[in-house]
Amino acid sequence: MLISNTEEPKKTKGKKKKQGSKKKRVAVSILKWFFILLLVGCFIVVGVGVSYIASLAKDAPDFDPKKLKPMETSIVYSSDGTTVLSELHGSQNRYYVSLDEIPQQLQDAFISIEDERFADHIGIDITGILRSMFHNIKANGNPFKGQGASTITQQLVRGAFLNYETTMKRKVQEMWLSLQMERLYTKDQILEFYLNQIYFGKSTYGVKAAAKAYYNKELSELTLAECAVMAGAAKGPSYSPLSNYEKSMNRKDIVLNTMVENGYITQEEANAAKQEVIVMAEEEEEAYIYPYFVDYIQTEAARLLEEAGYPEEDINRVLYGGGLRIYSTVDPATQEKAESVMANNDYFPRGKKDENGIIQPQSAVVIIEQSTGEIKALVGGRTHETKRGFNRATQAYRQPGSTIKPITVYSTALENGYPACYSLDDAPLTKKDTGSSWTPSNYDGSYRGLITMRTAIQYSVNVAAVRMGLELGVDRMWEMGKKMGLNSLVDQDKAYAPMTLGGLTKGVTPLELASAYATIANEGTYIEPHAISKITDKDGKVLIDNTDPKKAQALSEEASFIMRDMLQTVVKSGTGTRAKFGGWQVGGKTGTTNDRKDVWFAGITPRYTGVVWLGYDKPTKMSGGNTWGGTLCAPIWREIMKTAHKDEAVIKFPSKPKGVVGPVAVDGVSGLLPSGLSASDPRGSKVYGEYFIKGTVPTKMDDIHVSIEVCADSGKLPAANCPNVVLRTFVNRPAYAAGKGTPADAKYMPPTSTCEIHGAGYVPEDDNPVNPDEGGNTDNPD
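To keep things clear, this report deals only with the structure shown in the data block. Just so it is clear, the structure is predicted and the values come from calculations on it, not from any experiment. (Residues numbered from 1 in each chain as written. Predicted model: local features only at pLDDT ≥ 70, side-chain atom pairs only at ≥ 80, totals over all residues. Heavy atoms only, no water.)

Observations concerning the overall build of the protein chain
Basically, it comes down to this: Every helix listed is a DSSP run of H or I at least four residues long, and every strand listed is a run of E at least two residues long, numbered separately from the N terminus. Three labels apply to residues, based on accessible area from a 1.4 Å probe with only protein chains included: buried if under 20% of the type maximum, exposed if over 50%, partly exposed otherwise in between. Contacts: residue pairs with any heavy atoms within 4.5 Å of one another. To be clear on the numbers: accessible area is Shrake-Rupley with a 1.4 Å probe, and residue cover counts the displayed protein chains and nothing else.
Looking only at helices and strands, one finds 22 helices and 22 strands in the protein chain. When burial is assessed residue by residue, the protein chain has 50% of its 782 residues classed as buried. Looking at the protein chain alone, contacts between residues at least 24 apart form 70% of all its contacts between residues at least 6 apart. For the protein chain, the exposed area adds up to about 37100 Å²; of that, 52% sits on carbon and sulfur atoms.

Quick word on the state of the cysteines
To keep things clear, this is the line we draw: Two cysteine sulfur atoms form a disulfide, by the criterion used here, when they sit within 2.5 Å.
Applying the stated criterion to the full structure yields zero disulfides. Cysteine cysteine 722 is unpaired, with the sulfur of cysteine 755 as its nearest cysteine sulfur at 3.7 Å. For cysteine 722, a relative accessible area of 11% gives the class buried.

Quick word on the sheet that holds strand 13 (residues 532-536)
Note the threshold: Two strands are said to pair when DSSP picks up at least two bridges between them. For every element, the axis is a line fit to its C-alpha atoms; helices are fit only across the contacting stretch, and the angle between N-to-C directions ranges from 0 to 180 degrees.
In space, the five strands of this open sheet follow the order 2-1-3-13-14, with mixed pairing throughout. The outermost strands of the open sheet, each flanked by one partner alone, are strand 2 (84-88) and strand 14 (542-545). The mean angle between the axes of side-by-side strands here comes to 15°, regardless of whether they run parallel or antiparallel. Strand direction decides the pairing type here: strand 1 (residues 74-77) and strand 3 (residues 325-328), joined by three bridges, are parallel. The partner of valine 76 across the bridge, within strand 3, is isoleucine 326. Along the sheet, helix 11 (residues 291-307) makes contact with strand 1, strand 2, strand 3, strand 13 and strand 14, crossing strand 13 at roughly 60°. Across the sheet, helix 12 (residues 312-321) touches strand 1, strand 2 and strand 3, and the angle it forms with strand 1 is around 70°.

Some thoughts on the sheet that holds strand 6 (residues 362-369)
The strands making up a sheet associate through backbone hydrogen bonding, with each pair oriented either parallel or antiparallel. Ordered by their spatial adjacency, five strands build an open sheet running 7-6-18-17-16, and the pairing between neighbours is antiparallel. Unpaired on one side and paired on the other, strand 7 (374-379) and strand 16 (587-592) mark the two borders of the sheet. The mean angle between the axes of side-by-side strands here comes to 10°, regardless of whether they run parallel or antiparallel. As defined by bridge partners, strand 6 adjoins strand 7 across five bridges and the pair is classed as antiparallel. Paired with isoleucine 368 across the strands is isoleucine 375, a residue of strand 7. Where helix 13 (residues 332-342) meets the sheet, its contacts fall on strand 6 and strand 7, and the angle it forms with strand 7 comes to roughly 25°. Lying over the sheet, helix 20 (residues 510-521) contacts strand 6, strand 7, strand 16, strand 17 (598-604) and strand 18 (608-615), oriented at roughly 150° with respect to strand 18.

As for unusual backbone geometry
In this structure, proline 361 follows glutamine 360 across a cis peptide bond, with omega equal to 0°. In this fold, proline 361 is placed in the loop between strand 5 (359-360) and strand 6. Cis peptide bonds are those with omega within 30 degrees of zero, and the linkage from glycine 662 to proline 663 qualifies with 5°. Locating proline 663 in the fold gives a position in strand 19 (residues 660-667). Even without being a glycine, arginine 596 presents a positive backbone phi close to 60°.

Set out below in structure tokens:
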């Protein structure tokens, strides 16, 4: 029994060991096959990847050393596609120098900030690539979007052999060509090529030309700080001291810090260089036609290239030296007329030059073809002061005054079911807005009483606009302004004063305001205004197609139709009559801020939308009796528009859409259907025809006009003895706040007091009295 018991456990133990070994062998086998399959998969992936990369590299252009030459000029064309407006030079202001002539500190600065491992890599920097991918993953989750890792060699071959598209194909080809360049040239030769090809702004290429343009110095005379500024400008257009001095100085300090980190200079040398005041050389201006328009084309082209994915460091290089063909939207005749009017002092108040020698007041004009969004003329000042300088048409943010009303107030009202005949009370009003009391007033200091929305816009009545805004709410008005193109609106503008009368936090540019009015003219469709239709490379390949810009239905066709009709009333018989010309339909709105620091006219025709602004660069009150938008800006607008429409067949605004009915007869005081008394208003008939969006035609009869018996002599309620009582029509307007002004229609309110002329004790006079004592004979009283 004892033996049996001792042997049984041994058999059991041996059996378990055998089973465990089998499981282990199966696990090892599975693991082995897993690693085999993983290895095969890796070989397949690598093979496919290598094959794909090889196919991309195979299509790379031939490595031609002759292409290591100056960049090619980009050309700007007018809207006809053949007339050259400007050449964005890639060959001017360039001097080739050997590496021996370039100061070592300047070489060190560029290598330190652009490619710190330049001496060690083979044309591509694997460490830099991995670092940038890790950074991009942390920043936005995409390893290929954001920070780049281009070496100096890659930057050089990109400009010489490739385009600037941000595709995988271009990147692979760039790396392939960089490897070839590193095989054929020494590091010194590559650095020499690079330093002679860098674009520094203002048609300046290479370090020698930049030293002249920036400081008017030879390379040998450069200080450490000046070298750092030049190296910093390689990052992109916005880092050049010629375009942004402050940003350039900040970049200079970053360059100096990297030079310390890489052991090129000491911390003491860097600190001393940071304290150095950089003095820039005076610029020599290059004359070119349509300067403000061409300036803006360059700004827009840079933005389009950036939106297309071009790296910032490449944008200036490709724009000014990539041989681009830029097709603009300018109409030469309209642009030339706009420039000539701007330069004619007869159109402006007498002024004087400011401390910078610039004549004041200044002005700006923008003309847009609303059906396409194409800018046909753009002038940012009465004279062109400096290349790529301050462009008032696109950079002057000014208070729009009453020109904001059709956008934020009345378009919003129409879109929300209010008809153009909606009655508003132009009477004293005090409103709390953003925590303080506010009493809006009209430009002439008077109050008109009950008027329609159409009349309010016709005569630019502020109080009526505020009352309309109070019913709409600030959020609706702010959102409408944004949808129609007022991109500079900020959250602080969500208040009644900014939204109804135009006292904005930042203001709007003439271009923004023109885009909003173009939306009204274009049946409510907003089209992003643009000065460029397309950009191609030198061989005609389209790089950017801008012929179909961003569009959005901001306003319904029905609301925009009625808004256009209301704007025509302003020009026919309101504040904008000086804008009339030829047989064209014209609508528009004048604008003058309370202190007359900004005056405007925004106008539309069936073809074009235009905005004219006038004011001092440093907002200053303009004196004189005619400093209004209708007297100063409307005539300028008219003269330019006459040229824009000169060879155009006269057409009309789009016809009434199906969703609009009318004209329907309404009462011009109450905005309701006319009663029998509407035509007998004491100021004349108030019946007129109005358009309505279906569903908004009034159903009630006018109840503002009332007929009351009054004494013909006193005009008051008749007394018992009044000999002559008549029926008269009165305006039964609402009560108003006394002591703050009297609305003009108050004197037409029904009387509340009784005639005192014919009260108790009144004895009617007899024109032929009889003397009873004489038997009625009055011929001879004796």
